[in-house]
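Residues per chain are reported as follows:
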Amino acid sequence: MTGYGLLIFDGADELDFTGPWEVFAVSSILRDGADSSALIAERPGPVSCQKGMRVVPSHTLDDHPPLDVLVVPGGAGVLRELGNPTVKDWIRKTAASAAWTASVSTGAFLLHEAGPMRGHRATTHHAYTERLQALDDVTVVPNARYVVDGDLITSQGISAGIDMALWIVGRLHGRDHAREVQWRLQYYPAPPYQADEPL
């Protein structure tokens, strides 16, 4: 059994955690429900996300099951959480016992502030790359969709979390399994309006 935990907080970007959630959920279905995914917030009750979605966490920081994978999303709420010692302490302690610790987009700044990202290679949303580079104990890889460094995985913005989650389930349960998850999700990005498409 694999336990996935996705931190949520007011102002979290919706796709930062719902993308990985979908990957982990489909992975579990393919494994006959062997795995669990928990949406974890500091307190019970609805969380208001960045674009207006309201989500009810399944667990709080104090009552979640053991986690093999921790995912920290980004979003406008990160700035507030950077000053939240309760959340930062929980991230630090949870990352110490998890097999994998991951961030999507500006969630990287929470991982840095809490400690697990310091001294590692990492990436974040392209709009915040320079800000991450300004931190003197991180080596930023700006053009990578996701970066794996030891047991730390960071991804670029928003949809990149799906790619990262597929890598995680492939690492845990095999590449063929990850390919099956991708097929079930019909995740083969083909944006209709590419920058070089003629008008």
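Everything here concerns the structure above.
It should be emphasised that the depicted structure is a prediction, and the values quoted were computed from it without experimental measurement.

### Some points on the packing of helix H6 (residues 160–173) against helix H7 (residues 175–185)
Next, step 1: Put simply, H6 and H7 touch, their axes get as near as 7 Å, and they point 145 degrees apart. For the crossing formed where H6 meets H7, the hand is right-handed. Counted together, Leu166, Val169, Gly170 and His173 of H6 and Arg175, His177, Ala178, Val181 and Gln182 of H7 form the full contact between these two elements.
Next, step 2: A breakdown of the residues in the contact of H6 with H7 according to their chemical character gives four nonpolar, four polar and one charged.

### What to know about unusual backbone geometry
Next, step 1: Residue Asp32 is not a glycine yet carries a positive backbone phi of 55 degrees.
Next, step 2: One can find Asp32 in the loop between helix H1 (14–30) and strand S2 (36–41).
Next, step 3: Looking at Asp32, the relative accessible area reads 74%, which means it is exposed.
Next, step 4: Phi is positive for Gln186, close to 50 degrees, though the residue is something other than glycine.

### Some points on the pairing of strand S7 (residues 100–104)
Next, step 1: Among the five residues of S7, five are classified as buried, and the element is accordingly described as predominantly covered.
Next, step 2: Burial along S7 is two-sided: the residues Trp100, Ala102 and Val104 and Thr101 and Ser103 are all buried.
Next, step 3: Pairing between strand S6 (residues 69–72) and S7: four bridges, direction parallel. From the neighbouring strand, Val69 faces S7, where its bridge partner is Trp100.

### Brief notes about the pairing of strand S10 (residues 146–149)
Next, step 1: Every second residue of S10 is oriented toward a common face, the buried set being Val147 and Asp149 and the non-buried set Tyr146 and Val148.
Next, step 2: Remark: two residues form the turn of the hairpin made by S10 and strand S11 (residues 152–155), two consecutive strands paired antiparallel; Gly150 in that turn has positive phi of roughly 65 degrees.

Definitions and cut-offs
Residues numbered from 1 in each chain as written. Predicted model: local features only at pLDDT ≥ 70, side-chain atom pairs only at ≥ 80, totals over all residues. Heavy atoms only, no water. Axes fitted to C-alpha atoms, helices over the stretch in contact; angles between N-to-C directions. Helix = DSSP H or I, 4+ residues; strand = E, 2+ residues; numbered from the N terminus. Left-handed = near helix turned anticlockwise from the far one by under 90°. Contact = heavy atoms within 4.5 Å. Nonpolar A, V, L, I, M, F, W, Y, C, P; charged D, E, K, R; others polar. Buried < 20%, exposed > 50% of the residue type's maximum accessible area, 1.4 Å probe, protein only. Pairing = 2+ DSSP bridges.

Just distances and angles here, no functional claims.
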